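# Understanding the architecture of this molecule
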Amino acid sequence: MKGVSDQEIIESVKKGNHSDYAILIDRYKNKAFSMLTRMLKNRMEAEEVLQDCFLKAFKGLNNFKGDSKFSTWFYKIVYNSALSRLSVQKRKTEMEMSSVQDHFNLASEYDYNLTEQKDLSLYIKEMVDKLPTNYASVISMFYLENLSCEEIGDVMGTSVNNVKVMLHRSRSALKDIMIKNNYSEELL
Amino acid sequence: MIELNDDLLNKYIDGELDREMMEQIKEKLESSHQDMMKYRMLLSVHNELKKMPAEEVSSSFTSNLMLKVQRSLKSKREQNFFIVSVLSLFFLICVGIIGYLIANYIFTAQPNSSDVVTQFTEHSEDFITLLKNFFSKGNISIIGSVFSFILLISGYFFYDSLKHSKQE
């Protein structure tokens, strides 16, 4: 089923082959889950929201005209659902604080020394999980979902420049954290 | 000579700069060991992020979700069936009332004119009068009550079925 495009699967589901929707689920579940865990910082909640997102997408498939990629459309549902969940939990303040215009230092926010030296990739993953919601979702969409900055901007409802700024800031912050925690040698 | 900062280096990594600027940065990197280290670290972070694995959902995620999808389809069908049933009931009640009125009129009417147009006019007038009588002050409250009662019952069952499908 790897060669089948998203659009072909959607057409099949629309024709009544509802079981084909499982292919789309398998294709996007882990990537979307990564984004949700980074945004909500809670695996159980992320899985719950992801189920709702897939159900919403299923119910809205008839409205999906294929003007944009299914992935962009779906991640928009995922991103907005996560935001709704965050606003319900009154965690929106974190989002507002992490807007691009704010001059806060990511590196100092997440500056903590680990007692034991961990594997570099594991450490980076942990640090990404600790990034503020917007930054973590940009990293997830850019590196895991391979979305372009334009597509990320579309999903998040922000400009391409904002996305690039968030991406660059996250990368620089991660680099600074690595240096502070003596990972420079591993990086080089 | 340009001064290299993280912003510029990030743009250099993403290839967002023009050719001239790219060349200048390349030269600067070759001439400065410190800048080169900074660049290599940023590049390493970029490469590590590329290798970052996706989180995995529980193994039963797809099967559980497909069950929910099937249930949502079933409940949608049930909802449609319910709406059609309620509408049919209303339609049957309306047809029953009109049928009763027509039957009542046919059995009580006496043909007294041979002209078709006059007969039709008379019949229409009589029928309207009958309707007026049926929906008169006394009857309207009874009809209204019956309809309201049916509406309330239907509304309750509709709400209950919606709640039930959401819980599923």
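Everything numeric here is computed off the predicted structure, so don't read it as measured data.

### Things to note about the side chain of Thr-62 of chain B
- Structurally, the position occupied by Thr-62 of chain B is in helix H4 (residues 61-108).
- For Thr-62 of chain B, a relative accessible area of 11% gives the class buried.
- A polar contact of 3.1 Å, which involves the side chain of Thr-62 of chain B, links it to the side chain of Lys-29 of chain A.
- Beyond its immediate stretch of four places on either side in the chain, Thr-62 of chain B contacts Ala-22, Ile-25, Asp-26 and Lys-29 of chain A.

### Focus: the environment of Arg-38 of chain A
- Within the secondary structure layout, Arg-38 of chain A lies in helix H2 (residues 21-40).
- Residue Arg-38 of chain A is classed as buried on the basis of its relative accessible area of 0%.
- Ignoring sequence-local partners within four residues, the contact set of Arg-38 of chain A consists of Lys-125, Val-128, Asp-129, Ala-136, Ser-140 and Leu-144 of chain A together with Met-52, Pro-53 and Glu-55 of chain B.
- A polar contact is formed between the side chain of Arg-38 of chain A and the side chain of Asp-129 of chain A, at a distance of 2.8 Å.

### Some points on the interface of chain A and chain B
- With 42 residues of chain A in contact, the opposing surface of chain B contributes 35 residues.
- Buried area between chain A and chain B, summed over both chains or domains, comes out near 3600 Å², and the portion from carbon and sulfur atoms is 66%.
- At the boundary of chain A with chain B, the tally comes to five salt bridges.
- Arg-38 of chain A is the partner of Glu-55 of chain B in a salt bridge, and the nearest nitrogen-oxygen pair spans 3.8 Å.
- In this assembly, chain A and chain B are joined by 17 residue pairs in polar contact (both at pLDDT 80 or more).
- Secondary structure elements with two or more residues in the side of chain A that touches chain B: H2, helix H3 (43-59), helix H7 (120-129), helix H8 (133-144), helix H10 (160-180) and helix H11 (184-187) of chain A.
- Of the residues assigned to the side of chain A that touches chain B, the class counts are 19 nonpolar, ten polar and 13 charged.

### Points about H3 of chain A
Residue and element names in this part refer to chain A.
- An ideal rise of 1.5 Å per residue puts 24 Å on 17 residues; H3 measures up with 24 Å between its terminal C-alpha atoms.
- Turning to H3, its buried residues number three or more, namely Glu-45, Ala-46, Val-49, Leu-50, Gln-51, Cys-53, Phe-54, Leu-55, Ala-57 and Phe-58.
- Between the side-chain oxygen at the start of H3 and the backbone nitrogen of Met-44 there is a gap of 3.0 Å, and the oxygen is on Asn-42.

### Quick word on the packing of aromatic side chains
- With the rule as written, the count across this model stands at 14 aromatic pairs over all chains.
- Ring centres of Tyr-12 of chain B and Tyr-39 of chain B lie 5.4 Å apart, and the angle between their planes is 70°; on these two criteria the pair is classed as edge-to-face. Of this pair, Tyr-12 of chain B sits in helix H1 (residues 6-14) while Tyr-39 of chain B sits in helix H3 (residues 33-51), placing them 27 residues apart in sequence. Judged on exposure class, the residue Tyr-12 of chain B and its partner Tyr-39 of chain B are both buried.
- Members of the aromatic cluster, joined through ring pairs, are Tyr-21, Tyr-28, Phe-54, Phe-58, Phe-64, Phe-70, Trp-73, Phe-74 and Tyr-75 of chain A together with Phe-61 of chain B.

### A few points about the confidence of the model for chain B
- Here chain B averages 81 in pLDDT, while 88% of its residues score no lower than 70.
- Within chain B, H1 of chain B carries the highest mean pLDDT (91), whereas helix H5 (residues 116-134) of chain B carries the lowest (74).

### A look at the pattern of salt bridges
- Evaluation of the coordinates by the stated rule reveals 17 salt bridges over all chains.
- One salt bridge in this structure joins Arg-43 of chain A and Glu-55 of chain B, with 2.6 Å as the shortest N-O distance. Here Glu-55 of chain B lies in the loop between H3 and H4 and Arg-43 of chain A lies in helix H3, a pairing that spans two chains.
- For Arg-43 of chain A, a relative accessible area of 43% puts it in the partly exposed group.
- Looking at Glu-55 of chain B, the relative accessible area reads 9%, which means it is buried.
- Here Lys-76 of chain A ties to Asp-154 of chain A by a salt bridge, and the two come within 3.4 Å at their closest N and O atoms. Linking Lys-76 of chain A in helix H4 (residues 70-88) with Asp-154 of chain A in helix H9 (residues 149-156), this pair joins segments that are 78 residues apart in sequence.

Parameters at a glance
- Residues numbered from 1 in each chain as written.
- Chains lettered and ligands numbered in written order.
- Predicted model: local features only at pLDDT ≥ 70, side-chain atom pairs only at ≥ 80, totals over all residues.
- Heavy atoms only, no water.
- Helix = DSSP H or I, 4+ residues; strand = E, 2+ residues; numbered from the N terminus.
- Buried < 20%, exposed > 50% of the residue type's maximum accessible area, 1.4 Å probe, protein only.
- Polar contact = N/O pair within 3.5 Å; in protein donor to acceptor, adjacent residues only side chain to side chain.
- Contact = heavy atoms within 4.5 Å.
- Buried area = accessible area lost by both parts, 1.4 Å probe.
- Salt bridge = Lys/Arg side-chain N within 4 Å of Asp/Glu carboxyl O.
- Nonpolar A, V, L, I, M, F, W, Y, C, P; charged D, E, K, R; others polar.
- Expected span 1.5 Å × (residues − 1).
- Phe/Tyr/Trp six-rings, centres within 6.5 Å; stacked < 30°, edge-to-face > 60°.
- pLDDT = per-residue confidence, 0-100.

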